[in-house]
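Remarks on the overall topology
Given next are the chains, with one letter for each unit.
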Amino acid sequence: MNFRFVHAADLHLDTPFSGVARLSPEIAQALREASLDAFDDLVSLTIRVDAAFLLLAGDIYDGEERGLRAQLRLLRGCRRLSKKGIQVFAVHGNHDPVGGWSAVGQWPPGVTIFEPGEVRQALVEKDGQRLAVVQGISYGRRHETENLALRFSRPPGPGLQIGLLHCHAGSDPAHAPYSPCRVEDLLAAGLDYWALGHLHRRRLPVEGGPWIAYPGNLQGRSLSPAETGAKGALVVEASGTAVRSVRFEPLDRVRFVNQEIPIDHLENLAGLSDALHSSADTLRSEHRGRHLVLRITLIGRGPLHLRLGTPGITDELLDELRHGQHRDGPLLWWEGLHDRTRSVRDLEALERRDDFSASVTRLHRRLAGDPGELQRFFQDRASALLPGMARRTRLPDPAELEDLLHRALDRALDLLEADQ
Amino acid sequence: MIIRGWSIEGYGIFHEEECRGLGKGLTVVLGPNESGKSTLIDFVRGVLFGFPDRRSREPQHLPLHGGRHGGRLFLETADGPLVLAREAGRFHPPELTLAHGGSGDGAELDEILGGLDLAVFRNVFAFGLAELSDFSGLGANGISQRLLSAGITGAGRSARDALDSLADQAASQLRPRGRSVIGDTLQQLSLLEDRIAAARSELATYPELVRDEEDQRVELERLSREADRLRREEKRLERLLDLWPSWHQRRQALQRLALLPVPEEDEDPRQRLNRLADRLENETVRDDTLCEDAAPAWNPPAGLAPLLLLLSAAAAAGLVWRLRAGDLPAALLLALGAVSGTLVSMWLARRRFMTRRREAEERERRDAATMANLAAAARDLAGLRQTLARASERQALEQTVRQVDDLLANRAGGDQRAAAFIKDLDSGSVDTWDEDLAGTRETLAETIQLRDQAIRATEALGRQREAMERSADLPALETETGALRCRLDEQTEEWRLLVMARGLVEQALQEYTAGRQPAVLERASRLFGKVTGGRYEKVVQEPGSDDLTLLARDGQRIGTRELSRGTAEQLYLCLRLALAEDFSERGRPMPLLMDDVLVNADPERAAGLAAAIREYAQGGQVLLFTCHPRTADLLESAGGTEIQRLANPFPLED
């Protein structure tokens, strides 16, 4: 029998957004509702495509304390699905392990929240015929270090065999190893479809039967790489015990975009402003219908570098960009404008000059070639000066430190050579 | 490298101008004001390092008299003579014609220039009047800074200016005390974090709130039930008190009924009454005939007796009718009427009979029998009357009982409840009920008050819970915190960038001071000693000091802040010359271009400066541009190296 289901994960309902430096009231409002609205859209999608059931693979809530609004919205969505006879299967992940308080007294019929402790099964039947067997297990604590995938196995009997789990499959250094497991462990269970959650970047580690799928999170939360771009859920078409296709359906309300703009060929600020506007137009049509949070990083080497070094210039540019915003339609929020341009200076030639600037440049070269000395150089000068600062800021890693050093050289030379 | 000459095609006022044959040592280029000295210096610089861009603020010196914009320099290096040609405009690369006939481009030129660029050339090898005249505008500290940096980079913005600027920027970003960008952000963050902690602990009370609300609701229901129960009790007591008089009446009626004799059931009173009625009818009919026969002797109204008889007959007939209808009391009444009417009419008839003697005697016997019959009937009637009276009383008593029972049934509800109620009525006492009613009413009032309080409390808790459900304070606050943290990251990065930049300049300065400065100061000491006629022996920078110190011949140590302006100018020039010498020695020697540096000096100082320049020129090429023949004389008189005078390299304007 042909049927379809929807697989979503990492809803982080009513999630706080991080890493967005400045917000206008309009975009703050859009962000505030984004994760909840995206969830409503997920429910609507599930109903619209006439799915047999919906899978939620953990991190439904963002924290152990769980948002109250989040819980009530989830309950409302489940009621809508329940009324349509669509089953919901959910597990808890590291962000919302079982044990957090619950505002939900009674789940509507057809909702299965898998418990921690052991893998349980739930059946999906239609017209007396078994469509699927969903197995799942929740996290009982935040740091679930057990390889929970090993607890799954294929039960006898008909129906598509689905594993529902929040886990970290394979090695992805961007994520802490929550219920770490190897892809081989997942394959060994002999299931037809692994509905996983945890990784916010959408990916299909194994395709074509069996399937292992991470839908990514439902709504991006910041400008970090895993959170940018389109976000949504997977619509899975199945036939008997085979998955026929897995299709991505974007559901995010606000999209985070990092955009690099090279300045190499730009002559002046007017040219830069034009480049930014045309880039914005391209992004608008690329992400039609969604609010955009846009962070611009200016890169490359060119005459504009020195101009951009003027204190306050990027803020002025940002103000101008935000001011020129048209009001109707989805918002485009210029979150920030980061200057990572380099000077056009030829450092080798500079060193040959043998003057003071050459000495500064030589010192820079020496530090860049000696990470240990660079680290000491940095620590001697840039240790936190105020209470609470060290706790709230992160030290740069070696690569960031080297980048900082390059930019510091530019900054120093911009001043030393200012008159020339 | 030395400059042997130039050939200008078109540059400012110059057109097709050529000069050759320059050599090492000092060359004084004499020309009047406005004759183009600075233009010529710009030309030399331009051919060597490139003409300024069109967008530059530097003078372009477009050819005023035609010719291609640019020209050639005739140079000589250790490898032999060469020609460097350059045309203004960014698409024209330099053209280098080498001694052996080969040609070259930028790379070879770079080699020849020893890696020097325009910036260093300007700072080290080009020296103008402006720098010295600047001194008048500087304070003691400014001069001291200028002197210090003269030994480092030369003119232009000093490393110390850069350090100060970076330090200022870094401090506005972050400083240990007082306001700063990062300090403000940290403060805002800390406030927000407090608010979040508060919001979080408030939210944690939600389940408790839900429980409280549920408890309160249960209590409310209990109180409502209790109030209902009390209200029912109140009603019951009120009803008891209300019905008590009727109940009392019923009880008495029952007692009375118990005392009444049970009626004999051997003969139906109706039969007795029928019989009596029949008898009376017979007697009445017979009497009628009698009355017609015998008229009364005295004279009662003649129609009275028949009228009475008629009435009696009617009554008797009514009696029969009523008896048939079973209406005993009415029959009784009618019987009474018939009997008494007959009696009276008989009495009248008898009177008539008495008067009618004749008939009277004859009928006496019959009358006596009739009379006896009637007397028996009267007795019967009396008995009947008593029976009927008792029956009537019983009937009334039974009705009372029935009415009270009906009332009870109506007012006390269903059978069971009525039974219980009747039991209560039967066993209770009015006084107890009165007391109970008062107590119940009091408790009811208290309960209602408690219930109302519970309603208000439940509603308040509900509102609180709903407000909490609606509120999304926590995520909003957390997003705001995220934004602040992100800003803090940016600000911290900017601060780190500034302190790193400052660190680079600072450390390079230390290294530079330790490595390069001693040699420069050594040379400067020698030059300055000569210029001052041996008054000062040494120029040093003492460790940790940001000033130069002069060691005088008499052993005094003098800081540059204490120098006269003239002496400071001399020292500056010596430092500049020492720096140029140092550069020349370390890389490839370059010609030193000076523009009227002696013009403002007083004669004594000018002589000292001239001596310093002559001293320097012994080691390299100096082109000194001046509009004062006096300067040329002065330099000449300073002795030392040969002086070439370039009397009139400038085109005369006509």
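Refer to the structure above for everything that follows.
Every value quoted in this text rests on a predicted model; they were computed, and no experiment measured them.

Some remarks on a nonpolar patch on the surface
- A cluster of nonpolar side chains, Leu-307, Leu-310 and Leu-311 of chain B, forms an exposed patch at the surface whose accessible area comes to about 320 Å².
- For Leu-310 of chain B, the location among the structural elements is in helix 10 (residues 304–325).

Structural notes on a negative patch on the surface
- On the surface, Asp-431, Asp-434, Glu-435 and Asp-436 of chain B cluster together into a negatively charged patch.
- With respect to the helices and strands, the residue Asp-436 of chain B is situated in helix 14 (residues 430–470).

Considerations on the interface of chain A and chain B
- Taken together, the contact pairs 68 residues of chain A with 72 residues of chain B.
- With both chains or domains summed, chain A and chain B bury close to 5,800 Å², and 63% of this area falls on carbon and sulfur atoms.
- Its largest share of buried area at the contact with chain B, chain A owes to Phe-356, Arg-392 and Leu-415 of chain A, together 13% of the area lost on that side.
- For the pair chain A and chain B, the interface holds 4 salt bridges.
- Salt-bridge contacts for Arg-340 of chain A lead to Glu-493 of chain B; the nearest nitrogen and oxygen are separated by 2.6 Å.
- At the boundary of chain A with chain B, the tally comes to 7 residue pairs in polar contact (both at pLDDT 80 or more).
- Counting residues per element, the ones that place at least two in the side of chain A that touches chain B are helix 2 (68–83), strand 17 (332–339), helix 7 (347–353), helix 8 (356–368), helix 9 (371–382), helix 10 (389–392) and helix 11 (398–416) of chain A.
- Considering only residue class, the side of chain A that touches chain B consists of 34 nonpolar, 10 polar and 24 charged.

Quick notes on the pattern of salt bridges
- For the coordinates displayed, the defined rule picks out 52 salt bridges over all chains.
- Between Asp-281 of chain A and Arg-284 of chain A there is a salt bridge; the shortest N-O distance is 3.3 Å. With a gap of 3 residues between them, Asp-281 of chain A and Arg-284 of chain A both fall in helix 4 (residues 269–286), about one helical turn apart.
- Under the relative-accessibility criterion, Arg-284 of chain A is labelled partly exposed at 23%.
- A salt bridge links Glu-581 of chain B to Arg-526 of chain B; its shortest N-O distance comes to 3.3 Å. In this pair, Glu-581 of chain B sits in helix 17 (residues 565–586) while Arg-526 of chain B sits in helix 16 (residues 517–531), placing the two residues 55 residues apart along the sequence.

Examining the sheet that holds strand 5 (residues 120–126) of chain A
Residue and element names in this part refer to chain A.
- Taking strand neighbours across the sheet as the criterion, the 6 strands line up as 5-6-7-10-12-11 in an open arrangement whose pairing is mixed. Across the chains shown, the open sheet's two edge strands, defined by having one partner strand only, are strand 5 and strand 11 (203–206). Averaged over all adjacent pairs, the angle separating strand axes in this sheet is 20°, with direction ignored.
- Sheet analysis places strand 6 (residues 129–136) next to strand 7 (residues 160–166), joined by 5 bridges and oriented parallel. Each bridged residue has a counterpart across the sheet, and for Ala-132 the counterpart in strand 7 is Leu-160.

Brief notes about helix 2 of chain A
- Compared with an ideal rise of 1.5 Å per residue, which puts 16 residues at 22 Å, helix 2 of chain A spans 23 Å between its outermost C-alpha atoms and is within 8% of the ideal.
- Buried within helix 2 of chain A we find Leu-68, Arg-69, Ala-70, Gln-71, Arg-73, Leu-74, Leu-75, Gly-77, Cys-78, Leu-81 and Ser-82 of chain A.

A word on the packing of helix 16 of chain B against helix 18 (residues 603–617) of chain B
Residue and element names in this part refer to chain B.
- Following both chains from N to C, one finds helix 16 and helix 18 inclined at 140°, their axes separated by 8 Å at the closest point. The angle between the axes of helix 16 and helix 18 places the two elements in the oblique class. Note on packing geometry: the crossing formed by helix 16 with helix 18 is right-handed. Residues Arg-526, Leu-527, Lys-530 and Val-531 of helix 16 form the contact with helix 18, whose own contacting residues are Gly-608, Leu-609, Ala-612 and Glu-615.
- Grouping the amino acids of the contact of helix 16 with helix 18 by side-chain chemistry returns 4 nonpolar, 1 polar and 3 charged.

Conventions we followed
- Residues numbered from 1 in each chain as written.
- Chains lettered and ligands numbered in written order.
- Predicted model: local features only at pLDDT ≥ 70, side-chain atom pairs only at ≥ 80, totals over all residues.
- Heavy atoms only, no water.
- Patch = residues over 30% accessible without salt bridge, like charges linked within 9 Å, V, L, I, M, F, W, Y side chains within 5 Å.
- Areas by Shrake-Rupley, 256 points an atom, 1.4 Å probe, with all protein chains shown as cover.
- Salt bridge = Lys/Arg side-chain N within 4 Å of Asp/Glu carboxyl O.
- Helix = DSSP H or I, 4+ residues; strand = E, 2+ residues; numbered from the N terminus.
- Lys, Arg positive; Asp, Glu negative; His and termini not counted.
- Charge placed at Lys NZ, Arg CZ, Asp CG, Glu CD.
- Contact = heavy atoms within 4.5 Å.
- Buried area = accessible area lost by both parts, 1.4 Å probe.
- Polar contact = N/O pair within 3.5 Å; in protein donor to acceptor, adjacent residues only side chain to side chain.
- Nonpolar A, V, L, I, M, F, W, Y, C, P; charged D, E, K, R; others polar.
- Buried < 20%, exposed > 50% of the residue type's maximum accessible area, 1.4 Å probe, protein only.
- Pairing = 2+ DSSP bridges.
- Axes fitted to C-alpha atoms, helices over the stretch in contact; angles between N-to-C directions.
- Expected span 1.5 Å × (residues − 1).
- Parallel < 35°, antiparallel > 145°, perpendicular 65-115°, else oblique.
- Left-handed = near helix turned anticlockwise from the far one by under 90°.

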